[in-house]
Structure formats: C-alpha cells, structure tokens
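One letter stands for each residue in the lines below.
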Amino acid sequence: MAYSTNSPAGKVVQDVLNDLPGLVAVAVVDITSGMALASHSNSPALNPETAAAYNTEVVKQKQKAMSALKLTGENIEDILITLTNQFHLIKLAGNKFIYLVVNSRETNLAIAREVLRSSADNLN
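Residues numbered from 1 in each chain as written. Predicted model: local features only at pLDDT ≥ 70, side-chain atom pairs only at ≥ 80, totals over all residues. Heavy atoms only, no water.

Looking only at helices and strands, the chain features three helices and five strands. Listing each helix as α and each strand as β along the chain from the N terminus yields α-β-β-α-β-β-β-α. Expected size for 124 residues packed as a compact globule is a radius of gyration near 14 Å; at 14 Å, the chain falls within 12% of this value. Counting only C-alpha atoms and orienting by the principal axes, one finds that the chain spans roughly 40 × 35 × 25 Å. Residue burial in the chain is summarised as follows: out of 124 residues, 43% are buried. A sequence separation of at least 24 residues applies to 47% of the contacts in the chain between residues at least 6 apart. (Helix = DSSP H or I, 4+ residues; strand = E, 2+ residues; numbered from the N terminus. Rg over C-alpha atoms; globule rule 2.2 N^0.38 Å. Buried < 20%, exposed > 50% of the residue type's maximum accessible area, 1.4 Å probe, protein only. Contact = heavy atoms within 4.5 Å.)

The subject of this paragraph is the pattern of salt bridges. A side chain with one charge may pair with a side chain of the opposite charge, provided their charged atoms come close. As enumerated under the stated definition, the model contains four salt bridges in all. In this structure, Arg117 engages Glu114 in a salt bridge whose closest nitrogen and oxygen atoms are separated by 2.5 Å. With Arg117 and Glu114 both in helix H3 (residues 109-123) and three residues apart, this pair spans about one turn of that helix. Judged by its relative accessible area of 35%, Arg117 is partly exposed. A salt bridge links Asp121 to Arg117, with the nearest nitrogen and oxygen atoms 2.7 Å apart. Here Arg117 and Asp121 lie together in helix H3, a separation of four residues that amounts to about one turn. According to the relative accessible area criterion, Asp121 is partly exposed, its value standing at 48%. One network of salt bridges, with partners in common, ties together Glu114, Arg117 and Asp121. (Salt bridge = Lys/Arg side-chain N within 4 Å of Asp/Glu carboxyl O.)

The first and last C-alpha atoms of helix H1 (residues 8-19) sit 17 Å apart over twelve residues, in line with the 16 Å expected at 1.5 Å per residue. Turning to H1, its buried residues number three or more, namely Ala9, Gly10, Val12, Val13, Asp15, Val16 and Leu17. In this fold, the buried residues of H1 make contact with strand E1 (25-30), strand E2 (36-41), strand E5 (96-103) and H3. (Expected span 1.5 Å × (residues − 1).)

Here you go:
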C-alpha cells in the first residue's frame with residue numbers, strides 16, 4: 001500500500017478500492033512527471049509505479065497524435081486497453097490521471113468506468 005488517505009490522491013485510491021475491492025491495481029499519476037502520487041496493487045506481479053511511468057507515455061503520445069490530427073476542441077476523457085484477461089483504464093483529470101487494472105472476467109466495464117468518472121471528479 002503506497003498511499004495516505006490524508007492526500008487527495010490517496011483518498012481517490014481508497015475510494016476506488018472501496019468501490020472495486022477485487023481490482024488488480026490502481027494509481028493516481030502526475031502526467032508531467034510520470035510519478036505515481038498514490039497507488040495500490042492486489043497483485044505482486046503488477047507494480048503500479050512502473051505502470052504509471054509507461055502509461056504516462058501512452059497519454060502523452062495520444063495527446064501528440066491529437067495535436068498532429070488537429071483535433072481542436074477535443075479532450076481525452078479516458079483510454080481503454082483490453083488484454084486477454086484484464087482491462088486497463090486511464091481516466092484523465094486535469095494534469096493527473098487515474099490508472100486502473102481490473103480482471104475483465106470479474107468486473108463490469110461500465111461500473112469500472114463510472115467509478116473512475118466519479119473518482120476523477122473528486123480529484124479535481
């Protein structure tokens with residue numbers, strides 16, 4: 001457990017854990033630095049701090065692609081990556097994002113996205 005509920009990021013991680021107790025991992029990440037501000041993993045195989053750094057690059061590259069395509073007036077709301085057994089969701093919230101990993105066979109995607117939406121609202 002790498003968070004304190006005294007910080008806004010730590011509170012978001014705790015709220016996500018309360019709403020999705022079976023999650024694989026969650027992190028609140030600063031887009032500028034790529035550092036996890038708060039994180040938690042239920043899997044020893046998944047390090048959310050490492051994932052935070054790599055997923056920051058995913059966000060930055062998508063932002064560059066949108067700029068190159070001149071998609072003015074558009075903002076990234078979330079990014080979904082589907083793996084064989086997992087959903088990886090990235091929900092942007094200002095200069096931060098919430099990174100969530102859930103088991104795709106045990107978690108309803110719509111519920112996971114709603115949890116992220118409400119958590120992102122609390123982060124700002």
